[in-house]
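Examining the three-dimensional arrangement
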Amino acid sequence: MHTKTMEGIVGARANMNLLNTPFRVFKEARRKGDQATMERAMGYVNECSDRAVEYQEKAEEGMKEDAKAAKEQAEFMREELIEKRKEERQEVEDKAEENRYTDTVIISEDGKVLLKENGGTDSVDAKSQVPAQTAPDTVKMEPVLYTKAGEASQNPSEPAANISIVV
């Protein structure tokens, strides 16, 4: 809370409390019919109420400053958050760009031996371990179908088509 706000609230409250005493004196003087005391007491009442209004204005000014400071702080935090999100998004995009064109293939020792036997070159990129060329006589395997038990089916046959027509 801003200093002006606190000072305004405390000052207005104190002057409103001080207003009670001269007002009580005014009522007592009115009952007795003492005109001079009534005027003096009303003068004090007016002074206290004027000071309370001044302090109230000060409190309102302080609250406006508080609101302005809070708005600036919120704007600053929002801009920081936006900048942080942009940086995070850029990092993710950079990582995605790196990974987009990079696949890692590891060739076992048996695979390297097989590659040499089939006449392929044995030049392998050290970083990715991918052969520079593929062998021209690469062994091609026929597709294998598996049963529900997880065993390879010896006779891959076309599945029987069941057609059911209901009229």
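Structural notes, computed from the coordinates. (Residues numbered from 1 in each chain as written. Predicted model: local features only at pLDDT ≥ 70, side-chain atom pairs only at ≥ 80, totals over all residues. Heavy atoms only, no water.)

Okay, the overall build of the protein chain next. The number of helices and strands found in the protein chain is three helices and zero strands. N-terminal to C-terminal, the α/β element order of the protein chain is α-α-α. (Helix = DSSP H or I, 4+ residues; strand = E, 2+ residues; numbered from the N terminus.)

Another aspect to go through is a nonpolar patch on the surface. A surface patch of nonpolar side chains, about 460 Å² in accessible area, is lined by I163, I165 and V167. Assessed through its relative accessible area of 73%, I163 is described here as exposed. (Patch = residues over 30% accessible without salt bridge, like charges linked within 9 Å, V, L, I, M, F, W, Y side chains within 5 Å. Areas by Shrake-Rupley, 256 points an atom, 1.4 Å probe, with all protein chains shown as cover. Salt bridge = Lys/Arg side-chain N within 4 Å of Asp/Glu carboxyl O. Buried < 20%, exposed > 50% of the residue type's maximum accessible area, 1.4 Å probe, protein only.)

Under the definition given, this model contains seven salt bridges. For the salt bridge of E75 with R78, the shortest nitrogen-to-oxygen distance reads 2.8 Å. With a gap of three residues between them, E75 and R78 both fall in helix α2 (residues 35-100), about one helical turn apart. Since its relative accessible area comes to 32%, E75 is described here as partly exposed. Among the ionic pairs, K112 bridges to E109, the shortest N-O distance being 3.9 Å. Taken together, the positions of K112 and E109, both in helix α3 (residues 109-117) and three residues apart, correspond to about one turn of that helix.

The N-to-C vectors of helix α1 (residues 3-32) and α2 enclose an angle of 165°; their axes lie 7 Å apart at closest approach. In this view, α1 runs roughly antiparallel relative to α2, as classed from their interaxial angle. For the pair α1 and α2, the sense of crossing is left-handed. Tallied by class, residues from the contact of α1 with α2 come to 20 nonpolar, eight polar and eight charged. (Axes fitted to C-alpha atoms, helices over the stretch in contact; angles between N-to-C directions. Parallel < 35°, antiparallel > 145°, perpendicular 65-115°, else oblique. Left-handed = near helix turned anticlockwise from the far one by under 90°. Nonpolar A, V, L, I, M, F, W, Y, C, P; charged D, E, K, R; others polar.)

As a further point, take the environment of S49. Among the secondary structure elements, S49 is positioned in helix α2. Classification of S49 as partly exposed rests on a relative accessible area of 24%. Linking S49 and M16, residues 33 residues apart in sequence, is a C-alpha distance of 6.8 Å.

The next point concerns the side chain of T5. Note that T5 resides in helix α1. There is a polar contact of 3.2 Å between the side chain of T5 and the backbone oxygen of G62. Excluding anything up to four places from it in sequence, T5 contacts A59, G62, M63 and D66. (Polar contact = N/O pair within 3.5 Å; in protein donor to acceptor, adjacent residues only side chain to side chain. Contact = heavy atoms within 4.5 Å.)

Turning our attention to a negative patch on the surface. A surface patch of negative charge is lined by E83, E87, E91, E93, D94 and E98. Look at D94 and you get partly exposed, because its relative accessible area is 38%. (Lys, Arg positive; Asp, Glu negative; His and termini not counted. Charge placed at Lys NZ, Arg CZ, Asp CG, Glu CD.)

What follows concerns α1. With 30 residues, α1 should cover 44 Å at 1.5 Å per step; its first-to-last C-alpha distance of 44 Å lies within 8% of that length. All buried positions along α1 are accounted for by T5, G8, G11, A12, N15, L19, P22, F26 and A29. In the core, the buried residues of α1 are packed alongside α2. Downstream of α1 by a residue or two, G33 has a phi angle that is positive, lying close to 85°. (Expected span 1.5 Å × (residues − 1).)

Relative to the helices and strands, N15 resides in helix α1. Excluding residues that lie within four positions of it along the chain, N15 makes contacts with C48, R51, A52 and Y55.

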